[in-house]
Amino acid sequence: MSRLGPVITLAAGAVLAVGLGVASVTATPAANDEAANTAAEAPSAGETAAAPSRSAEAEADATPSPQRTEPKKTAKADYGGYVKGNGGLIAISIRDGKAVGYFCDGKAEAWFKGSESDGELQLTGLGGAKVTAELGGGRARGSVAVGGKKWTFVAPTVVKPSGLYRATALVRGAKLRAGWIVLKNPGGGYTQVGAAFEGDTQVPIPQLQGERPTAPVTVGDTTIQPEDVDGFIEEMQ
Amino acid sequence: MTALPHQSRGLTPLLVPLLAGGLAALALGVYGRVHTPTGFAVGVAGFSGALPMKAWLTTGAFVLAIVQVVSALSMWGRLGVTIPPGVHRWSGRIAFLLTIPVAFHCLYALGLQYDVPRVLAHSLLGCFFYGVFTAKMLALPKHDAPGWTLPVLGGLAFTALIGLWLTSSFWFFAVIGFKV
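Residues numbered from 1 in each chain as written. Chains lettered and ligands numbered in written order. Predicted model: local features only at pLDDT ≥ 70, side-chain atom pairs only at ≥ 80, totals over all residues. Heavy atoms only, no water.

Asks: Give a detailed account of the sheet that holds strand β3 (residues 98–104) of chain A, specifying residues and quantitative values.
Replies: All names here are of chain A. Taken in spatial order, the eight strands make up an open sheet running β1-β2-β3-β4-β5-β6-β7-β8, and their pairing is antiparallel. Both edges of this open sheet fall to β1 (76–82) and β8 (149–156), since each of them pairs with a single strand only. Each adjacent strand pair in this sheet contributes to an overall mean axis angle of 20°, direction not counted. Sheet topology note: the strand β2 (residues 89–95)/β3 ladder contains seven bridges and is antiparallel. Bridge pairing links Ile-90 to Phe-103 in β3. (Pairing = 2+ DSSP bridges. Helix = DSSP H or I, 4+ residues; strand = E, 2+ residues; numbered from the N terminus. Axes fitted to C-alpha atoms, helices over the stretch in contact; angles between N-to-C directions.)

Written as structure tokens, this is what we have:
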């Protein structure tokens with residue numbers, strides 16, 4: 001025993017690791033989505049949040065690409081995080097290399113659109129607003145320039161219900177539009193910021209339901225239907 | 001095991017343990033780098049997520065690692081108190097097994113990363129820890145190994161584990177909070 005004990009200890013560790021491996025391989029295909037959810041449960045936590053972006057890369061790899069020489073575009077990724085020194089939130093979503101972004105601190109807001117290629121993200125908005133970011137390690141890291149000011153941010157990957165939402169409607173001839181960023185708090189609950197405008201006038205924005213952000217909400221006396229990124233990303237391009 | 005003075009016959013008896021430990025560390029690092037992380041791994045049930053699971057299991061190993069050092073000091077007659085050797089063995093075994101789901105999740109789901117200094121340090125320490133641990137285990141039965149072998153290897157394993165705890169659990173509790 002005393003000679004073999006240490007070896008048995010090592011072997012037990014190895015067996016446990018192999019067991020976990022087998023269990024993970026078995027569980028992965030069915031539980032892929034949920035797994036990504038669990039893994040990214042703490043959006044501000046670098047380590048786990050790193051996971052979903054990788055699965056996004058895997059998806060990109062999985063898409064049949066006859067030419068490997070083409071710059072690799074991210075198939076699907078969503079990022080959300082705090083803007084340093086500003087307190088606002090930023091959310092960026094990518095679908096097949098097309099990207100949209102939204103920055104909001106509750107007062108000011110800015111929408112961005114642009115593209116992603118090989119992990120480089122370039123987004124522009126109205127009035128010289130700009131987002132430049134690099135993707136990698138499960139996060140988007142870069143800077144956002146709005147209204148002549150510039151801040152940096154690190155936004156980990158997020159999974160629904162965290163992310164970017166938008167709603168538009170026509171009210172008495174004026175266009176009503178609203179945008180939200182929802183971030184799941186590591187300790188439970190959600191942080192969200194948003195802004196709504198009726199024509200050019202900012203109006204109070206309702207809170208989205210944390211668990212079901214696409215449930216209808218009321219702005220003034222109008223019921224609007226928030227859409228997630230998949231619902232409007234094509235339209236924005 | 002025993003605190004008898006060893007007949008030092010050079011490093012030859014340590015060749016195999018050190019080589020095996022080095023290979024273990026290298027293999028983990030290469031695996032973490034080469035294999036595509038899955039973003040998902042089976043872990044210990046009962047936690048709200050993978051990160052809290054890892055933070056708490058590592059904390060468990062951290063506490064047991066302190067038991068390891070205290071019981072080792074006792075076995076080497078430095079405490080004046082006799083702690084049964086079983087305490088040292090079993091706290092070590094349990095600590096080691098506690099780290100396995102953590103390391104498995106790290107390597108299988110996330111892979112070795114180096115984009116943030118903390119994560120880089122954590123990744124390297126993780127590989128180093130298993131290397132040193134392997135060397136320590138394989139050196140245990142070699143009674144002709146130099147007398148400093150076990151204290152040094154054990155000390156390195158302890159130091160690596162403390163580093164791992166600081167770069168993961170401590171970070172988690174400080175940044176995210178005490179979440180189960």
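This is not the end of the story, as more comes after the structure.
Asks: Which residues make up the sheet that holds strand β15 (residues 227–228) of chain A, and what are the values?
Replies: Residues and elements named next belong to chain A. The antiparallel open sheet is built from five strands, whose spatial order is β12-β11-β10-β9-β15. Single-partner strands in this sheet number two, and they are β12 (201–203) and β15. Alignment of strand β9 (residues 163–171) against strand β10 (residues 174–184), held across nine bridges, turns out to be antiparallel. When the sheet's bridge partners are listed, Leu-170 is paired in β10 with Lys-175.

Asks: Tell me about the packing of aromatic side chains, and name the residues and values.
Replies: Residue and element names in this part refer to chain B. By the definition in use, this model includes twelve aromatic pairs over all chains. Ring centres of Phe-96 and Phe-133 lie 4.3 Å apart, and the angle between their planes is 15°; this geometry places the pair in the stacked category. Here Phe-133 lies in helix α4 (residues 117–139) and Phe-96 lies in helix α3 (residues 85–110), a separation of 37 residues in the sequence. Classification of Phe-96 as buried rests on a relative accessible area of 4%. Given the relative accessible area of 10%, Phe-133 is considered buried. (Phe/Tyr/Trp six-rings, centres within 6.5 Å; stacked < 30°, edge-to-face > 60°. Buried < 20%, exposed > 50% of the residue type's maximum accessible area, 1.4 Å probe, protein only.)

Function cannot be read off these values alone, since they describe shape.
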